[in-house]
Amino acid sequence: MKILVLNGSPMEKSRTRGISKLMKELLEEKGASVEYIDLGLEKLPLFPGDGGNENNMTLQKLYKEAEEADGFFIASPEYHNGMSGALKNALDFLGGSHFKHKPVAIAAASGGSKGGINAVNNMRTVLRGLYAMVLPDQFVSDPYCYDEDYNLVDREAVERLEQMAILLFEMTEKLAKTQTGQLR
C-alpha cells in the first residue's frame, strides 16, 4: 500500500511541512510505503492549461507518484481563505484518474488563531472535482501548536493527527484491496 504525502506550502520554512513530515512518519510506522513531495522544495512550473512541461523532473515525479498512490495526505497553509497557489497549481496538473477511488486526508496550517478551515474547505471542493474520496475528518492547526523549528509539538494536535493517520491507513488499505483484490 502506497500513500503520497503532498506538502502544499511554497515556503522553505513552514508549519505545513511540520504537519506533512509528521504524517509521513506516522504512516510509515503503520507500515505504509510513503512517498513525499514538498512543493516548497520541489518547484513545479506554472500550469499552462494545455499540456507542455513534459520534461520537468518534478512534474514527472508528481505524475508517477500520484498514479501509483493508493491514498493521499495533502496539506496546505491558508492563504487568503484558500489553499496555497502552489498546491492548486499541482492539483491542476493532475486529473481524476489520479484520484478516483482513492482516499484523501486533508490538513491546513493557520498563520493566525482559528484560521485554516477555509483552506480545507477549498481543498475538499477541488479534490471532489478530481473524484477523490476526501475523508470527512480533517486537521487544522494554529501557530501555538509548533516549536521554533516548525515541528508540530502540541500534544492534542499530535493526537488528532495520529487518529487521522489511522483512519487514512485503514481506508486506504480497504480500498486498495477492493480495487486490486490484494494490496500492491
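Just above, that's the structure.
The notes below deal with the structure included here. All values derive from a computational prediction rather than experimental measurement.

Analysis parameters
- Residues numbered from 1 in each chain as written.
- Predicted model: local features only at pLDDT ≥ 70, side-chain atom pairs only at ≥ 80, totals over all residues.
- Heavy atoms only, no water.
- Phe/Tyr/Trp six-rings, centres within 6.5 Å; stacked < 30°, edge-to-face > 60°.
- Helix = DSSP H or I, 4+ residues; strand = E, 2+ residues; numbered from the N terminus.
- Buried < 20%, exposed > 50% of the residue type's maximum accessible area, 1.4 Å probe, protein only.
- Lys NZ or Arg CZ within 6 Å of the ring centre and 35° of its normal.

## Quick look at the packing of aromatic side chains
The geometry of an aromatic ring pair comes down to the distance between the two centres and the angle between the two planes.
At step 1: Summed over the entire model, instances satisfying the criterion amount to 2 aromatic pairs.
At step 2: Considering the side-chain rings of phenylalanine 47 and phenylalanine 93, the 5.0 Å spacing of their centres and the 85° angle between planes classify their relative orientation as edge-to-face. On the criterion of sequence distance, the pair formed by phenylalanine 47 in the loop between strand E2 (33-38) and helix H2 (57-68) and phenylalanine 93 in helix H3 (residues 85-93) is long-range, its members being 46 residues apart.
At step 3: Owing to a relative accessible area of 8%, phenylalanine 93 belongs among the buried residues under this scheme.
At step 4: An angle of 35° between the planes, with centres 4.5 Å apart, marks the rings of phenylalanine 72 and phenylalanine 99 as tilted. Here phenylalanine 99 lies in helix H4 (residues 96-99) and phenylalanine 72 lies in strand E3 (residues 71-77), a separation of 27 residues in the sequence.
At step 5: Residue classification places phenylalanine 72 among the buried positions, given a relative accessible area of 1%.
At step 6: Judged by its relative accessible area of 1%, phenylalanine 99 falls in the buried class.
At step 7: Sitting above the plane of the tyrosine 131 ring, lysine 100 keeps its charged end 5.8 Å from the centroid.

Treat this as a map of the structure, not an account of what it does.
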